[in-house]
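Descriptive analysis of the structure
Residues per chain are reported as follows:
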Amino acid sequence: MAKYIKQEVPDFRKTGEQKVFYRLKTERNVGSREFIDRLCSHHAGISRGDAMRVLTSASETLAELLAGGYSVSLDEWGTFKATIGLERGKEPDKIDGDEPQRNAQSLCLNGVNFQADKKLVRNASRWCKLERGGVTRVRRSPYTKEERLQRAWDYLEKYKVLKVRTYMELTGQAHTTAACELREFSRDALTGICAVGRGAAVVYVKR
């Protein structure tokens, strides 16, 4: 039986409202071997070796099609579509730039989006029996916003560079809340803090 968690939502807009959403608790991950064992136990005519070969061949064929710019829809599974992005350390060009060679060398296939088929969702829902699994509350900092800013400043005075994870430890905030607050500080020149880098590599320094 699956368990659901009632999760409190951070009040980023400072409305004072207490909102929640529900999420399914992940008990553990099922790997390829266990998946194949279960598949074969449900269908006696399929051998373990045959199932492994089919899954491996399907993965290779899917990768080849995605690399060619195709989206792939599999009945009762869903639709796969590749995404692209800049290679690490590459800067984006301007919208009116005419630099096709640099663009091609700077871009890479960096992910695959998946949208589940409605029948897969219905089948999973048919099997799913839920029970309460607990409540997760937002981590609240014991410091005021001004005190958190001062703690960030004190750290930068000593170590020069501040990461989100370090700011979490300094303030007692959750990762998303800490990241949002540091971005807010970096956009206000009066805080004396600015952001350097992009995405997961961003760090914060003194202006």
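Residues numbered from 1 in each chain as written. Predicted model: local features only at pLDDT ≥ 70, side-chain atom pairs only at ≥ 80, totals over all residues. Heavy atoms only, no water.

Each pocket or cavity is described by its volume, and for the largest pocket that value is around 1300 Å³. Considering the residues around the largest pocket, the lining is formed by 22 residues, among which Phe35, Arg38, Leu120, Ala124 and Trp127 are closest to the centre. For the lining of the largest pocket, the secondary-structure elements that each account for two or more residues are α1 (32-42) and α4 (118-127). Taken together, the residues of the lining of the largest pocket break down into ten nonpolar, five polar and seven charged. (1 Å grid on protein atoms, 1.4 Å probe; cavity = no way out; pocket = protein on both sides within 12 Å on 5 of 7 lines; lining within 4 Å. Points joined across faces, edges and corners; volume = space filled by probe spheres on them. Helix = DSSP H or I, 4+ residues; strand = E, 2+ residues; numbered from the N terminus. Nonpolar A, V, L, I, M, F, W, Y, C, P; charged D, E, K, R; others polar.)

On to the packing of aromatic side chains, then. For any pair of aromatic rings, the description rests on two quantities: the centre-to-centre distance and the angle between the ring planes. Summed over the entire model, instances satisfying the criterion amount to four aromatic pairs. Each ring, one from Phe80 and one from Phe114, has its centre 4.8 Å from the other, and the planes form 45°; the classification is tilted. Of this pair, Phe80 sits in strand β4 (residues 78-86) while Phe114 sits in strand β5 (residues 107-116); the two residues are 34 residues apart in sequence, bridging distant segments of the chain. Take Phe114: its relative accessible area is 42%, and that puts it in the partly exposed class. (Phe/Tyr/Trp six-rings, centres within 6.5 Å; stacked < 30°, edge-to-face > 60°. Buried < 20%, exposed > 50% of the residue type's maximum accessible area, 1.4 Å probe, protein only.)

Here we take up the sheet that holds β5. The strand order β3-β4-β5 describes an open sheet built from three strands, whose pairing is antiparallel. Sheet topology places β3 (72-74) and β5 at the edges, where each strand pairs with a single neighbour. Along the sheet, successive strands turn relative to each other by an average axial angle of 25°, direction set aside. Bridge count for β3 against β4 is three bridges, and the pairing is antiparallel. What sits directly across from Ser73, in β4, is Thr79. Seen against the sheet, helix α2 (residues 48-67) touches β3, β4 and β5 and runs at an angle of roughly 55° to β4. (Pairing = 2+ DSSP bridges. Axes fitted to C-alpha atoms, helices over the stretch in contact; angles between N-to-C directions. Contact = heavy atoms within 4.5 Å.)

By secondary structure assignment, the location of Arg139 is in the loop between β6 (130-136) and α5 (145-159). Given a relative accessible area of 46%, Arg139 falls into the partly exposed group. Taking C-alpha positions, Arg139 is 27 Å from Ala189, a pair spaced 50 residues apart along the chain.

What follows covers the side chain of Ser186. Considering the arrangement of structural elements, one finds Ser186 in helix α7 (residues 175-187). Take Ser186: its relative accessible area is 15%, and that puts it in the buried class. Look past the residues within four positions of Ser186 in its chain and what remains in contact with it is Ile193, Cys194, Ala195, Tyr204 and Arg207.

Relative orientation of the contacting elements α5 and α7 amounts to 80°, with a least axis distance of 12 Å. On the basis of the axis angle, α5 is roughly perpendicular to α7. Residue-level inspection shows Lys145, Arg148 and Leu149 of α5 in contact with α7, the latter providing Glu181, Glu184 and Phe185. Considering only residue class, the contact of α5 with α7 consists of two nonpolar, no polar and four charged. (Parallel < 35°, antiparallel > 145°, perpendicular 65-115°, else oblique.)

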